[in-house]
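Residues per chain are reported as follows:
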Protein chains: 2
Amino acid sequence: MAQAEGAEKSGSRAENREETERAILDAAEVVFAQSGFGGATMQAIADRARLPKANLHYYFASKEKLYRQVVERIFTIWLEAAASFDTEAEPEAALRRYIQRKMQVSREQRHGSKVWANEVMHGAPIIQDYLESALKSWTDSRIAVINRWIAEGRVRPLDPRWLLYMIWATTQHYADFAHQIETLNAGPLSDAQWAEATETVCGIILRGIGLEPADGLA
Amino acid sequence: MAQAEGAEKSGSRAENREETERAILDAAEVVFAQSGFGGATMQAIADRARLPKANLHYYFASKEKLYRQVVERIFTIWLEAAASFDTEAEPEAALRRYIQRKMQVSREQRHGSKVWANEVMHGAPIIQDYLESALKSWTDSRIAVINRWIAEGRVRPLDPRWLLYMIWATTQHYADFAHQIETLNAGPLSDAQWAEATETVCGIILRGIGLEPADGLA
DNA sequence: AACAGACCTGACCAACCAGTCAAGTTTAAA
DNA sequence: TTTAAACTTGACTGGTTGGTCAGGTCTGTT
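The subject of this paragraph is the relation of the copies chain A and chain B. When chain A is fitted onto chain B, the two copies agree to an RMSD of 0.1 Å after a turn of 180° and an axial shift of 0.0 Å. Put plainly, the chains are arranged around a two-fold axis. Residues of chain A ranked by C-alpha distance from the rotation axis are headed by Gly208(A), positioned 2.0 Å from it. Taken together, the interface assignments show that 100% of the residues at the interface of chain A recur at the interface of chain B, consistent with an identical surface on both copies.

Structure below.
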């Protein structure tokens, strides 16, 4: 016996490899989120993945390459959430769906969100190119849509950028500052609290830009 | 010659000490913001403060003690900004002033804000007690005020916590994610852009909670 | 002037960490 | 069954880092 996970089934070569890589990435995500890139140690990641440290280097050549993969995996999730901003939909529906999705990501991908925040906060040394390409073009397209809504008189005049930043900030806050929120709340937010927070955020933003939202309890 | 700063005047003993300590704290704030606690090195801080590394240890016993002082200094600034939420003022004025002040802090204390965000993101190992005492009581008092406004029918019914988190998140975002914002903006925000962003944030939030703000160009 | 204590700093060290490697074991294909 | 490649891992290493310290300089006081 020399399997990685305690309860690892012996699948095919490729399956096992994939599984081990995912286990390492999962562990790395948590450790990087907790300690930052500089504070994280390969040993800590190895311990969390229940693998010898040398094994990590068999799958990922260096700490930086491992970190890069973690960040890229997060970016994929970010992109998927971004896609839920439907440029064809009505303003209210599009924004509400996008905010709800981002709140959900903050709840389910807390560690990933933190890694992303850390990376950007430290000047995005790894993912600068993503910011300049994928993020930029996504943002530009959404700015155009919101400007169209404004031109049509459906949304109060404003620079869409400040609105997007506000949505990013607010939703991401629930992941990045989860510890602070949970300290003030004396424990993790309940399902009901998450729903209420999401609804309140939607309500403030939609009303704030001049829409009259119906209750979003679909 | 053995002075710290290139252009240091020979003041009194106490003055010089204070000046050197501040120079170290300033340097440490920047380096901790850029690299996180784990990624920062005493050597990097020393270089930035233009002092030999051993000198840092003369003034601050350990890296952790230095970090602690940096964080405590930030918390003081946070408290000062928090005080601008005037519980006596009208809802619109109180919130507008508070948001404006927080936006200003984000602009002027970018590094400090990042250190704070980092600390909280990593579970607030150093300042947990502040969160539980000062932050908690400040928050409770403001929640009470907002609830009073709601009871008086001046603000749309909502849980004040989600509103406060939204304000914290949005304003802090301009410091923590400055790099992302500046990438999308192809450069730092101008004075006019800061003013516009601030006004837009105020507008969305105030309208979002049911107030009809007059233009805040005081 | 003489002294004590505050202040400064180059050189050093022990601990730690990313990354390597050689000697294995397991797997799958021939 | 044989064989080669994929995988595993304990032990090791070179470089870095937080922290120390001895020997010096400066400053205010008597």
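Moving on, we come to the interface of chain A and chain B. Between chain A and chain B, the residue contacts involve 55 residues of the former and 55 residues of the latter. Interface area lost by chain A to chain B is led by Met121(A), Trp162(A) and Leu184(A), which between them contribute 17%. Along the contact surface separating chain A from chain B lie 0 salt bridges. Between chain A and chain B we count 16 residue pairs in polar contact (both at pLDDT 80 or more) in total. For the side of chain A that touches chain B, the secondary-structure elements that each account for two or more residues are helix H1 (13-39), helix H6 (110-121), helix H7 (128-151), helix H8 (160-176), helix H9 (178-185) and helix H10 (191-208) of chain A. Of the residues forming the side of chain A that touches chain B, the biggest block, 12 residues, is contributed by H8(A). Residue composition of the side of chain A that touches chain B, by class: 25 nonpolar, 21 polar and 9 charged.

So, on to the side chain of Gln172(A). With respect to the helices and strands, Gln172(A) occurs in helix H8. When its relative accessible area of 10% is taken as the criterion, Gln172(A) is described as buried. Ignoring sequence-local partners within four residues, the contact set of Gln172(A) consists of Ser106(A), Ser113(A), Trp116(A), Ala117(A) and Phe177(B).

Lining the immediate surroundings of DNA strand D are 18 residues, of which Arg17(A), Ala54(A), Tyr59(A), Lys53(B) and Lys63(B) lie closest. Expressed as a percentage, the sugar and phosphate content of the atoms of DNA strand D within 4 Å of the protein is 67%. Taking Ala40(B), its main chain carries an N or O atom lying 3.2 Å from a phosphate oxygen of DNA strand D. Take Lys63(B): an N or O atom from its main chain is 2.5 Å from a phosphate oxygen of DNA strand D. Broken down by secondary-structure element, the contributors of at least two residues to the surface near DNA strand D are H1 and helix H3 (53-59) of chain A together with helix H3 (53-59) of chain B.

Peptide bonds are mostly trans, and most non-glycine residues show a negative phi. Residues and elements named next belong to chain A. Phi at alanine 124 is positive, roughly 50°, even though this residue is not glycine. Structurally, alanine 124 can be placed in the loop between H6 and H7. Owing to a relative accessible area of 0%, alanine 124 belongs among the buried residues under this scheme. One non-glycine residue with positive phi stands out, namely alanine 186, at about 55°. Locating alanine 186 in the fold gives a position in the loop between H9 and H10.

Here we take up the environment of Arg161(B). Tracing the backbone shows Arg161(B) in helix H8 (residues 160-176). Given the relative accessible area of 17%, Arg161(B) is considered buried. The sequence separation of Arg161(B) and Arg142(B) amounts to 19 residues, and the corresponding C-alpha distance is 9.1 Å. Ignoring sequence-local partners within four residues, the contact set of Arg161(B) consists of Asn185(A), Gln193(A) and Ile143(B). Within polar-contact distance, the side chain of Arg161(B) engages the side chain of Asn185(A) at 2.5 Å.

Below, the discussion takes up the packing of helix H4 (residues 63-83) of chain B against helix H5 (residues 91-108) of chain B. Residue and element names in this part refer to chain B. Close contact between H4 and H5 brings their axes to 8 Å; oriented N to C, the two are set at 155°. On the basis of the axis angle, H4 is roughly antiparallel to H5. Considering the relative orientation of H4 and H5, their crossing is right-handed. Note on element contacts: H5 touches H4 through Tyr98, Arg101, Lys102 and Val105, opposite Ile77, Trp78, Ala81 and Ala82.

On average, residues of chain A score 93 in pLDDT, and 94% of them are at 70 or above. Under a pLDDT of 50 for its full length, residues 1-9 of chain A has, in the predicted model, 12 contacts with residues more than four places off or in other chains.

What follows deals with the protein's contact with DNA strand C. Lys53(A), Lys63(A), Arg17(B), Ala54(B) and Tyr59(B) are the nearest of the 18 residues found near DNA strand C. For DNA strand C, the fraction of atoms within 4 Å of the protein that belong to sugar or phosphate moieties is 67%. Arg17(B) is positioned with one of its side-chain polar atoms (N or O) 2.3 Å from a phosphate oxygen of DNA strand C. Elements with a contribution of two residues or more to the surface near DNA strand C: H3 of chain A together with helix H1 (13-39) and H3 of chain B. Sorting elements by how many residues they give to the surface near DNA strand C places H3(B) first, with 4 residues. Taken together, the residues of the surface near DNA strand C sort by class into 9 nonpolar, 4 polar and 5 charged.

So, how was this worked out
- Residues numbered from 1 in each chain as written.
- Chains lettered and ligands numbered in written order.
- Predicted model: local features only at pLDDT ≥ 70, side-chain atom pairs only at ≥ 80, totals over all residues.
- Heavy atoms only, no water.
- Least-squares fit on C-alpha atoms with pLDDT ≥ 70 in both.
- Contact = heavy atoms within 4.5 Å.
- Buried area = accessible area lost by both parts, 1.4 Å probe.
- Salt bridge = Lys/Arg side-chain N within 4 Å of Asp/Glu carboxyl O.
- Polar contact = N/O pair within 3.5 Å; in protein donor to acceptor, adjacent residues only side chain to side chain.
- Helix = DSSP H or I, 4+ residues; strand = E, 2+ residues; numbered from the N terminus.
- Nonpolar A, V, L, I, M, F, W, Y, C, P; charged D, E, K, R; others polar.
- Buried < 20%, exposed > 50% of the residue type's maximum accessible area, 1.4 Å probe, protein only.
- Near = heavy atom within 4 Å.
- Axes fitted to C-alpha atoms, helices over the stretch in contact; angles between N-to-C directions.
- Parallel < 35°, antiparallel > 145°, perpendicular 65-115°, else oblique.
- Left-handed = near helix turned anticlockwise from the far one by under 90°.
- pLDDT = per-residue confidence, 0-100.

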